Amino acid sequence: MMVSSFLCGENRFSGTVENPEAGVRFTIPEGWEGELSGDVLIMRSSDVSFTLLLIEHQHSDLDGLRHELEKGVNQDGFCLELMGMVSPYGAGGLSAQYQGSVRSRETSAYLVSLLHPYGRGLSIMGIGDAGEMNREWIELVNDFADSFEFTDPDQVEVGHS
């Protein structure tokens with residue numbers, strides 16, 4: 001499941017997004033709009049300077065996910081190093097803060113990665129200019145992460161025409 005596969009058929013998103021076949025349901029924060037760019041859902045609001053990213057990850061256990069988060073991000077113009085430690089987030093997730101650069105621009109990021117009990121997990125990253133990360137930013141990412149519901153896609157009834 002790629003982010004683009006469970007967001008099939010559309011390019012712009014707001015409000016509640018649901019795909020029972022992928023076992024994913026979430027609510028984009030009020031005042032935010034998401035746009036699919038490759039395999040990443042990029043969400044923006046005119047009220048804030050940072051951006052939210054929704055990215056798929058391949059991990060099915062917290063140990064593998066923790067190891068990945070501890071390495072930081074160094075690809076596609078992103079060079080982000082872990083600040084502090086990776087922390088538990090709820091029963092099936094981890095959170096971490098990063099700093100570094102994105103396309104040569106000094107950047108801070110806060111990430112919550114969630115395991116999907118029936119498939120590939122998802123990561124929510126709030127990312128913006130270095131030094132701008134604050135409590136509101138972190139709370140928005142946490143609230144967005146808390147909106148995610150995962151279900152077993154094999155239990156979905158397929159309608160017949």
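Just above, that's the structure.
Residues numbered from 1 in each chain as written. Predicted model: local features only at pLDDT ≥ 70, side-chain atom pairs only at ≥ 80, totals over all residues. Heavy atoms only, no water.

1. What about the nonpolar core?
Next up, step 1: Counting 28 residues, the largest nonpolar core has Phe26, Ile28 and Phe148 as the members making the most contacts within it.
Next up, step 2: When residues in this core are grouped by element, the largest group, six residues, is from helix H3 (residues 135–146).
Next up, step 3: Residues in contact with isoleucine 28, not counting those within four places in the same chain, are Phe13, Ser14, Gly15, Val17, Gly34, Leu41, Met43 and Phe144.
Next up, step 4: Residues Val102, Ala109, Leu115 and Met125 belong to the second largest nonpolar core, which totals 16 residues. (Core = buried A, V, L, I, M, F, W, Y, C linked by side-chain atoms within 4.5 Å. Buried < 20%, exposed > 50% of the residue type's maximum accessible area, 1.4 Å probe, protein only. Helix = DSSP H or I, 4+ residues; strand = E, 2+ residues; numbered from the N terminus. Contact = heavy atoms within 4.5 Å.)

2. Here's the deal with the sheet that holds strand S12 (residues 149–150)
Next up, step 1: Pairing is antiparallel across the open sheet formed by three strands, whose spatial order is S2-S3-S12. Only two strands of the sheet have a single neighbouring strand rather than two, namely strand S2 (16–19) and S12.
Next up, step 2: Here strand S3 (residues 24–27) pairs with S12 via two bridges, running antiparallel. Each bridged residue has a counterpart across the sheet, and for arginine 25 the counterpart in S12 is glutamate 149. (Pairing = 2+ DSSP bridges.)

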